[in-house]
Amino acid sequence: LVTDGQRFAFLDARKNELSRGPACPTHVASLLRIPLAPADVAAIVLGDVRRPPNASVSPTVAWDAERGADVLELVTPSQTLRVFFARHGADVDIVGAEALVGGKRRWRTSYEDFGGAGMARMPASIRFAEGTSAYDDGVEIKIKDRTLNEAPLGSAFTLTPSPGVSVKDLGCDG
């Protein structure tokens, strides 16, 4: 799988097929089972949450006893994004988030097993669930290794099919 945030390409070696097209939520969901925009998925994989455009921030931080974390709400006309923070020693980490639409949970994340120090602290375990589903019914991502801020090669986001590989060009409608 390669993506530059605008387009993606995925080589399925079992099917001998290369799928490519716009990096829209439909394609992201078919590969990672996280039905969000590519920038939102990228933020989740980095243990973060993307601030919704035009979000207002509640001036107070509340306590969420269920998570054992502070919670900050980012409110837009269409949704509320709740971001959960916890102190780990001298560090404060985002330990999860949830999006609410019309008062009902649309999705939630949990970030665990933090490594590194200071600005580079990131979770090694990320869990995602839709609606009121349990994390066990969602997606679990285990990160073994990450390299941050490394400039990619010019060809880093290109997959060229080998002879005999079928190519499937997709639009955002499937």
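Residues numbered from 1 in each chain as written. Predicted model: local features only at pLDDT ≥ 70, side-chain atom pairs only at ≥ 80, totals over all residues. Heavy atoms only, no water.

Further remarks concern the overall build of the protein chain. On a plain count of helices and strands, the protein chain comes out with 2 helices and 12 strands. Counting helices and strands in the order they occur from the N terminus, the protein chain gives β-β-β-α-α-β-β-β-β-β-β-β-β-β. Oriented by its inertia axes, the alpha-carbon framework of the protein chain measures out at about 60 × 35 × 30 Å. Each of the 174 residues in the protein chain was classed as buried or not, and the buried ones make up 36%. Restricting to contacts in the protein chain with at least 6 residues of sequence separation, those with at least 24 account for 35%. Separation between the mean location of the 20 positive side-chain charges and that of the 22 negative ones in the protein chain comes to 2 Å. (Helix = DSSP H or I, 4+ residues; strand = E, 2+ residues; numbered from the N terminus. Buried < 20%, exposed > 50% of the residue type's maximum accessible area, 1.4 Å probe, protein only. Contact = heavy atoms within 4.5 Å. Lys, Arg positive; Asp, Glu negative; His and termini not counted. Charge placed at Lys NZ, Arg CZ, Asp CG, Glu CD.)

Roughly 920 Å³ of volume is contained in the largest pocket. Taken together, 26 residues form the lining of the largest pocket, with Thr3, Ala42, Val45, Leu46 and Phe157 sitting closest to its centre. When residues of the lining of the largest pocket are traced back to their parent elements, those giving at least two are strand E1 (2-3), helix H1 (25-32) and helix H2 (38-45). For the lining of the largest pocket, the element with the most residues is H2, which contributes 5 residues. (1 Å grid on protein atoms, 1.4 Å probe; cavity = no way out; pocket = protein on both sides within 12 Å on 5 of 7 lines; lining within 4 Å. Points joined across faces, edges and corners; volume = space filled by probe spheres on them.)

This part takes up the nonpolar core. Proteins that are soluble and globular tend to have nonpolar side chains buried together. Among the nonpolar cores identified, the biggest contains 20 residues, and Ile34, Leu36, Ile44, Leu81, Trp107 and Phe128 are the most heavily contacted of them. Taken together, the elements giving at least two residues each to this core come down to H2, strand E7 (80-88), strand E8 (91-101), strand E9 (104-115), strand E10 (122-130) and strand E11 (139-142). Looking at this core, the element that brings in the most residues is E8, giving 3 residues. Excluding residues within four positions of it along the chain, Phe128 makes contact with Arg33, Ile34, Pro35, Leu36, Ile44, Trp107, Arg108, Thr109, Tyr135, Gly138 and Val139. In terms of nonpolar packing, the next biggest core, distinct from the first, is built from 5 residues, Ala69, Phe84, Ala86 and Val95 among them. (Core = buried A, V, L, I, M, F, W, Y, C linked by side-chain atoms within 4.5 Å.)

As a further point, take the side chain of Glu17. Relative to the helices and strands, Glu17 resides in strand E3 (residues 17-22). Buried and unpaired, Glu17 has no salt bridge, with Lys168 as the nearest side chain of opposite charge at 4.0 Å. (Salt bridge = Lys/Arg side-chain N within 4 Å of Asp/Glu carboxyl O.)

A few words on the sheet that holds strand E2 (residues 7-12). Spatial strand order, E1-E2-E3-E12: 4 strands in an open sheet with mixed pairing. Each of the sheet's edge strands pairs with one partner strand only, and the pair in question is E1 and strand E12 (166-169). Taken together, the 2 bridges between E1 and E2 define a ladder with antiparallel strand orientation. Counted as the bridge partner of Thr3 is Phe8 from E2. (Pairing = 2+ DSSP bridges.)

This part covers the state of the cysteines. Enumeration according to the criterion identifies 1 disulfide in this entry. There is a disulfide in this structure between Cys24 and Cys172, and the S-S distance comes to 2.4 Å. Its torsion about the S-S bond being -125 degrees, the disulfide of Cys24 and Cys172 is classed as left-handed. Taken together, the residues Cys24 in the loop between E3 and H1 and Cys172 in the segment after E12 connect sequence positions 148 residues apart. The exposure class assigned to Cys172 is partly exposed, which follows from its relative accessible area of 39%. (Disulfide = S-S within 2.5 Å.)

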